[in-house]
Amino acid sequence: MLFRSGLINHFVCEERSVDEFHFHKHECIKENATNIPVIVVLDGQLITNKLSVPVSAFNIKDSFIEADPEKDFLYMVVVNRYRPAPVATCFVHRFGLKKGAIASSVAHDSHNIIAVGTSAAALQRAVNLVIREKGGVSATYQEDHSWEDFVLADRKSTRLNSSHLVISYAVFCLKKK
C-alpha cells in the first residue's frame, strides 16, 4: 500500500467537546416520529439488525435523550479522523456495557474513531484518549468522581490483538454490574 506523504498514520482530528456527544432530541427524532432507530448487535457477528424503539422507552432530560445501560440502550458515535465533520450519532442495543465507554480507531474499513458509551462525558473522554494518541483503543469509566483510563496505542499497525490483556480487562470491568 502506498502513501503519498510517506505517513502511515493520517490523523487530522482535534479533541472534541462533551457537547458534541450529547444526543439532542431534535437530531435523533425526526419530526412527528414515534420511534427511534437502534442498531442491534448480534453476538459473534459483524452484521447487525435494526430495531425501531418507541420514543417513550427512552428518558429525555432537558431535550437530550439519555442512554440507558439497564435496558442496554447505549450511545454509539463515529468521529471522522480524516477531516473536520460533525460527530455521527446513533443508539446501539445488546452491546452489554454497564458503565463508561470504549473507543477505537482500528476498524474493518474506515479507521475512523468508533465509540460506544453510557454517557456523553464517557464518550468524550474515550474518544479524546484515542485522538491524543493519534490512534488506538481506549476504555474509560468514572468511579467515585475519579476516572479510570486504559489506552492501547499502536500507531504503526492497523491491527490489534483482541486478546490484549489491558483492553480485555478494561472491557470486562465495564461490562460488570
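Values in this document were obtained by computation on a predicted structure and should not be read as measured data.

Thoughts on the side chain of S105
Part 1: Inspection of the secondary structure puts S105 in the loop between β7 (101-104) and β8 (113-117).
Part 2: Within the structure, S105 has its side chain in polar contact with the backbone nitrogen of G136 (distance 2.9 Å).
Part 3: The residues contacting S105, other than those within four sequence positions of it, are F11, R81, H111, N112, I113, V130, G135 and G136.

Focus on the environment of P54
Part 1: Relative to the assigned elements, P54 resides in strand β2 (residues 48-54).
Part 2: Contacts of P54, omitting those with residues within four sequence positions, involve T34 and N35.

What to know about the nonpolar core
In summary, soluble globular proteins display a tendency toward joint burial of nonpolar side chains.
Part 1: Formed by 29 residues in total, the largest nonpolar core has its most connected members in F21, F58, V77, F91, I113 and V127.
Part 2: Listed by contribution, the elements that provide at least two residues to this core are β1 (35-41), β5 (73-79), β7, β8 and α2 (120-133).
Part 3: Of all the elements, α2 adds the most residues to this core, at seven residues.
Part 4: Those residues in contact with F58, other than ones at most four positions away along the chain, are I36, V38, V53, I65, E66, F73 and F91.
Part 5: By size, the runner-up hydrophobic cluster in this structure holds five residues, among which are L74, M76, L97 and V116.

Digging into the pairing of β7
Part 1: In β7, alternate side chains face the same way, and those of A101 and A103 on one face and I102 and S104 on the other are all buried.
Part 2: For β7 and β8, the ladder comprises four bridges, and the chain directions are antiparallel. The residue of β8 that forms the bridge with I102 is V116.

Describing the environment of A126
Part 1: Within the secondary structure layout, A126 lies in helix α2.
Part 2: Sequence-wise, A126 and A115 are eleven residues apart; in three dimensions their C-alpha atoms are separated by 7.5 Å.
Part 3: When sequence neighbours within four positions are dropped, the list of residues in contact with A126 reads A101, I102, A103, S138 and T140.

Side note on unusual backbone geometry
Part 1: Although it is not a glycine, D62 sits at a positive phi angle of roughly 50 degrees.
Part 2: Inspection of the secondary structure assignment puts D62 in the loop between β3 (60-61) and β4 (64-65).
Part 3: The phi torsion at R94 lies on the positive side, around 70 degrees, for a residue other than glycine.
Part 4: One can find R94 in the loop between β6 (88-93) and β7.
Part 5: Overall, R94 belongs to the partly exposed group, its relative accessible area being 48%.

Definitions and cut-offs
- Residues numbered from 1 in each chain as written.
- Predicted model: local features only at pLDDT ≥ 70, side-chain atom pairs only at ≥ 80, totals over all residues.
- Heavy atoms only, no water.
- Helix = DSSP H or I, 4+ residues; strand = E, 2+ residues; numbered from the N terminus.
- Polar contact = N/O pair within 3.5 Å; in protein donor to acceptor, adjacent residues only side chain to side chain.
- Contact = heavy atoms within 4.5 Å.
- Core = buried A, V, L, I, M, F, W, Y, C linked by side-chain atoms within 4.5 Å.
- Buried < 20%, exposed > 50% of the residue type's maximum accessible area, 1.4 Å probe, protein only.
- Pairing = 2+ DSSP bridges.

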